[in-house]
Amino acid sequence: MEFSIYNTLTRRKERFEPLDPTRVGLYVCGPTVYGDPHLGHARPAVTFDLLFRYLLHLGYKVRYVRNITDVGHLEHDADEGDDKIAKKARLEQLEPMEVAHYYTERYHRAMEALNVLSPSIEPHASGHIIEQIELIKMILENGYAYESNGSVYFDVRKYDEKYGYGRLSGRNVEDMMTNTRALDGQDDKRSPLDFALWKKASPEHIMHWPSPWSEGFPGWHLECSAMSTKYLGEKFDIHGGGMDLMFPHHDCEIAQSTAACGCDAAKYWMHNNMITINGQKMGKSLGNFITLEELFTGKHKLLTQAYSPMTIRFFVLQAHYRSTLDFSNEALQAAEKGLDRLMKAVDALDKINPAATSTVNPAELEARCTEALNDDLNSPLAIAALFDWVRTINQLAEGTGSITAPDLAQLKEIVHRYVFDILGLRNEKAVAGGNDLMSPLVDMLLEMRQKAKEDKDWALSDKIRDRLTAIGIRVKDGKEGVNWELT
Ligand code: ZN
């Protein structure tokens, strides 16, 4: 079966066929760096990390571009309000680039904790002002923008007549006009739907650059069009982001690249669904805004405990990326337990003794995982297949059923590949254990305890067990011998 993805633009699942059969260009809208990375960042990061890892697994050379928005990015409307980075800089008496750098570092650290791979290129909007100005010139030349009082606006009505505006989100200009307030006469725009490509800076605006039109700054949507074209070409394969970016951001990106180059830039558009918290939308005003650091440390009034980065990652992967995902303590605790079971089964693979015959067929696991992920990255189904095998692995480790040495080697390879390489999970307990020295050391102590038992030195044998328990290592005496695990 071939890899297929749901294309938001055509609203159907399509077989994935990259423009070049061996290479894939992937662009994902990255963070705006004026605040701590939060739960809302985790979902697109993990979703597109899974896509990136899966494309690599399929054998493609992938150029993954994820931008850093560190320029005059305004929450909802490029024409109004305050630039968040500049606002923070003013409040804290910092250079805007100090604010951007500080939060970029925080974002990177959180991504590393979530085991999100670094993209191939991470361009900063502030480093691509020239490219953005060039793009505005092309749009002006093609007649889809106009200059007004030092600012440049995109002419939505004119563009709509030829190409249709709002195709991605399925909006149409007439409806939007009825729902938009009229211009107040102070505005430089011809129509309220027009959006800024370049904005003349007011005297208090501290981030600004020279341009042919004014000392100012680029509009919100422009950087992604300019940087995707620069690094992936006028046409590339996949553009991703959160569903909340579909309109206006991505529809404006489509309009900009079509107005400049005459064609859609991305062949496939992929959007991850949103995260809710106890059924509610996440928002600062609702008091349910949780940063990733608060999740990792448990320091937030809504959290009953800390959740490890891998618990968060596993939780995100347990839902299909196009479904909504609701965060609650109960759901996170269930994810924590599930992940623990999965990691214990991975460890149990090393405890299986090969036999002369196999009662199981590891190729079945591979087929189910491939089928699931090929079907629009259905990670919950792949995880369900792994869990069916968790049961099988535990049975094999207990001596129920049998597996030959080559089959066992194949099973280990498949489990490791899907769990670690593709789903990108990490065994945090193994990491917490420090390094490869721990296992032989614990084994040595358990051998000494065994000897003490044989010598009927119960005091010593109990002491070894109790001291191990005290440092977080649970010793389990079973029929098959002594085992241990981290608690
Ligand atoms: Zn973007």
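All figures in this text were calculated on a predicted structure; none of them were measured in a lab.

Here we look at the coordination of the zinc ion
Protein coordination at the zinc ion comes from C29 (SG), C224 (SG) and H249 (NE2), with a distance range of 2.1 Å. Each donor residue of the zinc ion lies on one chain, and together they are spaced C-x194-C-x24-H. In this pair, C29 is assigned in the loop between β3 (23-28) and α1 (39-57) and H249 in helix α8 (residues 246-261), connecting sequence segments 220 residues apart. Residues C29 and H249 agree in their burial class; the two are buried.

Focus on the sheet that holds strand β12 (residues 280-281)
Spatial strand order, β12-β11-β13: three strands in an open sheet with mixed pairing. This sheet does not close on itself; its edge strands, each paired only once, are β12 and β13 (325-327). When strand β11 (residues 275-277) meets β13, the two strands line up parallel, connected through three bridges. Its bridge partner lying in β13, I275 is registered against L325.

Concerning the side chain of S228
You can see S228 is positioned in helix α7 (residues 222-232). You can call S228 buried: its relative accessible area is 3%. Within the structure, S228 has its side chain in polar contact with the backbone oxygen of S225 (distance 3.2 Å). Apart from the residues lying within four places of it in its own chain, the contact partners of S228 are Y27, G233 and F236.

Notes on unusual backbone geometry
The omega angle of the peptide bond from F247 to P248 is 0 degrees, so this bond is cis rather than trans. The phi dihedral of R11 falls on the positive side, at around 60 degrees, and the residue is not glycine. With respect to the helices, strands and loops of the structure, R11 is situated in the loop between β1 (4-7) and β2 (12-15). One non-glycine residue with positive phi stands out, namely N149, at about 55 degrees. Along the polypeptide, N149 turns up in the loop between β5 (145-148) and β6 (151-154).

Topic: the domain arrangement of the protein chain
The domain architecture assigned to the protein chain consists of domain 1 (4-272), domain 2 (277-430) and domain 3 (433-486). Domain 1 and domain 3 are separated by 56 Å when their C-alpha centres are compared.

Let's talk about the pairing of strand β10 (residues 266-272)
Counted residue by residue, β10 has six buried out of seven residues, so it is predominantly covered. Two strands pair when backbone bridges link them, and strand β9 (residues 236-242) and β10 are joined in this way by six bridges, in the parallel orientation. Bridging from a neighbouring strand, G242 pairs with N272 of β10. Handedness of the crossover is the feature at issue here: the chain leaves β9, passes through α8, returns alongside β10, and the resulting connection is right-handed.

Cut-offs and rules
Residues numbered from 1 in each chain as written. Predicted model: local features only at pLDDT ≥ 70, side-chain atom pairs only at ≥ 80, totals over all residues. Heavy atoms only, no water. Donors = N, O, S within 2.8 Å, 3.2 Å for Na, K, Ca; no water. Helix = DSSP H or I, 4+ residues; strand = E, 2+ residues; numbered from the N terminus. Buried < 20%, exposed > 50% of the residue type's maximum accessible area, 1.4 Å probe, protein only. Pairing = 2+ DSSP bridges. Polar contact = N/O pair within 3.5 Å; in protein donor to acceptor, adjacent residues only side chain to side chain. Contact = heavy atoms within 4.5 Å. Domains from an automatic or database assignment. Right-handed = clockwise from strand over helix to strand, strands pointing away.

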